[in-house]
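One-letter residues, chain by chain:
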Amino acid sequence: MHARFPEKTGEVTGGEMTERRTGGAVHAQRRDDGRLIGSWLTATAVVLNIAQLFGLPLLISGDPAWGWALLPLVLLTTTFWSVIHEAVHGNLHHPRSRNDRYGRVLAVLYGSPFALLKAGHLLHHRYNRTRERAEVYDPASSTWAKVAPGYYLRLFGGLYLLEVAAIMLAALPVAAVHGLARAVDGPDTVAGPLLERLARPEVFRQFRVDAAAVVGLHGAAFAAYGPHWWMLLAALAGRGVIVSLSDNAYHYGTDLDEPLEALNLKLSAPLEVLALSFNLHGVHHLRPGLRWYELRPAFDAEGGRHDIGWFRAVARQIRGPVRLTDR
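Residues numbered from 1 in each chain as written. Predicted model: local features only at pLDDT ≥ 70, side-chain atom pairs only at ≥ 80, totals over all residues. Heavy atoms only, no water.

Details of the overall build of the protein chain
Now for step 1: When helices and strands are counted, the protein chain shows 14 helices and six strands.
Now for step 2: Across the protein chain, every contact between residues at least 6 apart in sequence was considered, and the portion connecting residues at least 24 apart equals 72%.
Now for step 3: With an accessible surface of roughly 16,600 Å², the protein chain has 64% of that area assigned to carbon and sulfur atoms. (Helix = DSSP H or I, 4+ residues; strand = E, 2+ residues; numbered from the N terminus. Contact = heavy atoms within 4.5 Å. Areas by Shrake-Rupley, 256 points an atom, 1.4 Å probe, with all protein chains shown as cover.)

Section: empty space enclosed by the protein
To locate leftover empty space, one rolls a probe as large as a water molecule over the atoms.
Now for step 1: Per the counting criterion, the structure on display carries three cavities of 30 Å³ or more.
Now for step 2: Of the voids in this model, the largest cavity is the one considered here, and its volume is about 50 Å³.
Now for step 3: Around the largest cavity, the lining residues are Ser 82, His 85, Glu 86, Leu 276, Ser 277, Phe 278, Leu 280, His 281, His 284, Trp 292 and Leu 295.
Now for step 4: At the level of secondary structure, the elements contributing two or more residues to the lining of the largest cavity comprise helix H3 (77-88), helix H12 (281-286) and helix H13 (292-301).
Now for step 5: Of all the elements, H3 adds the most residues to the lining of the largest cavity, at three residues.
Now for step 6: Among the residues forming the lining of the largest cavity, the class breakdown is five nonpolar, five polar and one charged.
Now for step 7: Taken as a whole, the second largest cavity encloses approximately 40 Å³ of empty space. (1 Å grid on protein atoms, 1.4 Å probe; cavity = no way out; pocket = protein on both sides within 12 Å on 5 of 7 lines; lining within 4 Å. Points joined across faces, edges and corners; volume = space filled by probe spheres on them. Nonpolar A, V, L, I, M, F, W, Y, C, P; charged D, E, K, R; others polar.)

Quick notes on the packing of helix H4 (residues 96-110) against helix H9 (residues 201-225)
Now for step 1: Running from N to C, H4 and H9 cross one another at 45°; their axes reach a closest spacing of 8 Å. Here H4 lies oblique to H9, going by the angle between them. Two packed elements cross with a definite hand, and for H4 against H9 that hand is right-handed. Touching Arg 104, Val 108 and Leu 109 of H4 are Gln 206, Val 209, Asp 210, Ala 213, Val 214, Leu 217 and His 218, all from H9.
Now for step 2: Grouping the constituent residues of the contact of H4 with H9 by class yields six nonpolar, two polar and two charged. (Axes fitted to C-alpha atoms, helices over the stretch in contact; angles between N-to-C directions. Parallel < 35°, antiparallel > 145°, perpendicular 65-115°, else oblique. Left-handed = near helix turned anticlockwise from the far one by under 90°.)

Looking at the nonpolar core
Now for step 1: Phe 80, Ile 84, Leu 106, Tyr 110, Tyr 225 and Leu 265 are the most contacted members of the largest nonpolar core, which has 47 residues in total.
Now for step 2: Non-local contacts of Tyr 225, meaning those with residues more than four positions away in its chain, are made with Gln 52, Leu 53, Leu 56, Pro 57, Ile 60, Leu 70, Met 231 and Leu 232.
Now for step 3: Core analysis: the second largest hydrophobic core is formed by 21 residues, Val 108, Leu 198, Ala 199 and Val 214 among them. (Core = buried A, V, L, I, M, F, W, Y, C linked by side-chain atoms within 4.5 Å. Buried < 20%, exposed > 50% of the residue type's maximum accessible area, 1.4 Å probe, protein only.)

Focus: helix H10 (residues 229-247)
Now for step 1: An ideal rise of 1.5 Å per residue puts 27 Å on 19 residues; H10 measures up with 27 Å between its terminal C-alpha atoms.
Now for step 2: Considered for burial, the residues of H10 that qualify are Met 231, Leu 232, Ala 235, Leu 236, Gly 238, Arg 239, Gly 240, Val 243, Ser 244, Leu 245 and Ser 246. (Expected span 1.5 Å × (residues − 1).)

Written out as C-alpha cells, the structure reads:
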C-alpha cells in the first residue's frame, strides 16, 4: 500500500502561461496544511490541560460543583493521546525538532515523559503481535488464573499507571537502567528494548528533565486544588482507565507474529473526528507516515471495511487472557 500524491496542472490562458505543481510542491502544501492543523491541535490541548490543572481549581474553590467540568475533559482523553501520537510519528509539526519540542510539552501535561511514550509506541509498531501481545499466555508455562490479575490490572488503568510511575527511573544512574533492561528482558515483553532506548545519553537527559517537569507541574496542580485534590486525582484516574482500556482494543485476538496486524474499528463520524481517526488503526499500522486526517481518505480509497465497532472491541477485552493454543 502506497500513499499517492498525483501531480496537478493548472493553465492561465490570459498570459499564455502554464503552471505545473510538481510533486515537491504538493508535499510542501501538505506540510503547510499540516503545520496549521498541528498548531491548532497543540494550542487546544495545552489550553484545555492548563485549564484542568490550574484554571478549574480557582472556580472549584468558590463552588465545588465546578468539579463536574472535569468530566468532559476526561472524555477527551483519546483526543489528547491522539495529538501526542501525531507527535510520536513526527506528524504534528515540521521540522522534527519543533515537533518533538511540542511533543515533550504535551507529554508532560499528559503525565509521562515524551521519550518514554515515543520509544514505547515505536517499539509497539516493531514488535506488535510478536514480543508484544498483552492478552496472550502460554498454558505450558502458566494458567489463566495466574495471568488474569495482572491482565485486568493493566486493562483498567495499569498501563497508564506504569507510564506515570516510570518517571522514578529518572533517579537512577544510566548504568542501573541498563542493568534493569537486561533483568526484565524476555521474549514476551518489550520492556528490555524500551529501557535500553531510554538509557541512551541524550534520550535519558531529556527523560530526566521531563520527569522533573511532570512532578513539578502536577505537584503544583494538586496544591492548587487544595482540599479538592481528590477531584484532580479522580480525573487522572479516569484518563488512566480510558488510555488503558483503549490501548489493546485494536489488537485483542488478532493474528500473532504479524507486526502490521491491527483492526479498523467503526465509530460515528463525529466521534471519529474527536479520536483523530485513531479508530482506523489498521490503516495506521500499514502506513504510519500518514497524518490523522489522511487515514479516512486512504481507508475509503482502498475500499476499507471496519472489522468491528469501537465500543464492542473495547468491551470484548473483558473476556480476559487468551491461551496461545486458542490462537
